[in-house]
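Residue strings, one per chain:
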Amino acid sequence: MAPRRNWLLQQMGITQWTLRRPTVLQGEIAVTLPAQTRLVIVAASLPAAHYPLIGDVLHSLSLRPEQVYPLTPEQTAMLPTSTHCHSWCLGVDVPHAWTGVQLNSPTLDELYANPSAKRALWQQISEHLPLLAASEAH
């Protein structure tokens, strides 16, 4: 039925539109990052900023807790595509449409239990540190 309807609408000269973010119409609203945000932490279960490992990562990036914004994977879909912010995905694989360095690691519990995963996170940080620090200057 849909192809016939599309054909009829086309014949009548009616332009059809496709929503880019249909969830906005389902009661969800767009997410806007505060101006001071330099790092978005994406996790299914959002961690508290007082975790020692998070504090260590923030310290290594010369960031303060107020410069970090936690989001769930669902909320990242509500970010405007023009967003420029670095991200740290904790135990989730979220492709994002915004620009910035994306760090990936297992969940915090897995990081605490797995030294090689922690080492891989630190390698990502040291690899991207020039880019991360350059955005801090802006």
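Residues numbered from 1 in each chain as written. Predicted model: local features only at pLDDT ≥ 70, side-chain atom pairs only at ≥ 80, totals over all residues. Heavy atoms only, no water.

A.B. asks: Please clarify how the overall build of the chain should be interpreted in this entry.
C.D. replies: Within the chain one finds five helices and four strands. Beginning at the N terminus, the succession of helices and strands in the chain can be written as α-β-α-β-α-β-β-α-α. A buried classification covers 33% of the 138 residues belonging to the chain. Contacts in the chain between residues far apart in sequence, at least 24 positions, make up 62% of those at least 6 positions apart. Of the roughly 8900 Å² of accessible surface on the chain, a fraction of 58% belongs to carbon and sulfur atoms. (Helix = DSSP H or I, 4+ residues; strand = E, 2+ residues; numbered from the N terminus. Buried < 20%, exposed > 50% of the residue type's maximum accessible area, 1.4 Å probe, protein only. Contact = heavy atoms within 4.5 Å. Areas by Shrake-Rupley, 256 points an atom, 1.4 Å probe, with all protein chains shown as cover.)

A.B. asks: I keep staring at the nonpolar core and nothing clicks. Help me out?
C.D. replies: Note that soluble globular proteins tend to have their nonpolar side chains buried in a common cluster. Counting 20 residues, the largest nonpolar core has L39, I41, L61, W88, L90 and L111 as its most contacted members. Mapped by element, the contributors of at least two residues to this core are β1 (39-43), α2 (52-60), β3 (86-90), α4 (108-113) and α5 (115-136). Look past the residues within four positions of L90 in its chain and what remains in contact with it is I41, V42, A43, P47, S105, P106, T107, L108 and L111. (Core = buried A, V, L, I, M, F, W, Y, C linked by side-chain atoms within 4.5 Å.)

A.B. asks: So what exactly am I meant to see when it comes to α2 here?
C.D. replies: For an α-helix, 3.6 residues make a turn, and residues three or four places apart therefore share a direction. Listing the buried residues of α2 in full gives L53, I54, V57 and L58. Viewed along the axis of α2, the buried residues span an arc of 135°, placing them on a single side of the element. Those residues of α2 that are exposed and angled more than 90 degrees off the buried face are P52 and H59. (Arc of directions from axis to C-beta.)

A.B. asks: Sorry if this is basic, but what is going on with the pattern of salt bridges here?
C.D. replies: As a working rule, side chains carrying opposite charge can pair if their charged atoms are close by. Within this structure, the stated rule accounts for one salt bridge. With a shortest N-O distance of 2.7 Å, R64 and E66 are connected by a salt bridge. On the accessibility criterion, E66 (43% relative accessible area) is partly exposed. (Salt bridge = Lys/Arg side-chain N within 4 Å of Asp/Glu carboxyl O.)

A.B. asks: Can you walk me through the layout of surface pockets in this structure?
C.D. replies: Rolled over the atoms, a probe as big as a water molecule pinpoints where empty space is left. Approximately 160 Å³ is the volume found for the second largest pocket. A43, A44, S45, L46, P47, Y51, L90, T107, L108 and D109 together form the lining of the second largest pocket. For the lining of the second largest pocket, the class distribution of residues is seven nonpolar, two polar and one charged. (1 Å grid on protein atoms, 1.4 Å probe; cavity = no way out; pocket = protein on both sides within 12 Å on 5 of 7 lines; lining within 4 Å. Points joined across faces, edges and corners; volume = space filled by probe spheres on them. Nonpolar A, V, L, I, M, F, W, Y, C, P; charged D, E, K, R; others polar.)

A.B. asks: In this structure, what is going on with unusual backbone geometry? I would like to understand it.
C.D. replies: Most peptide bonds are trans, and most residues other than glycine sit at a negative phi. For S62, which is not glycine, the phi dihedral falls at a positive 60°. Mapped onto the fold, S62 is located in the loop between α2 and β2 (68-71).

Take it as geometry only, folks, not as evidence of what the structure does.
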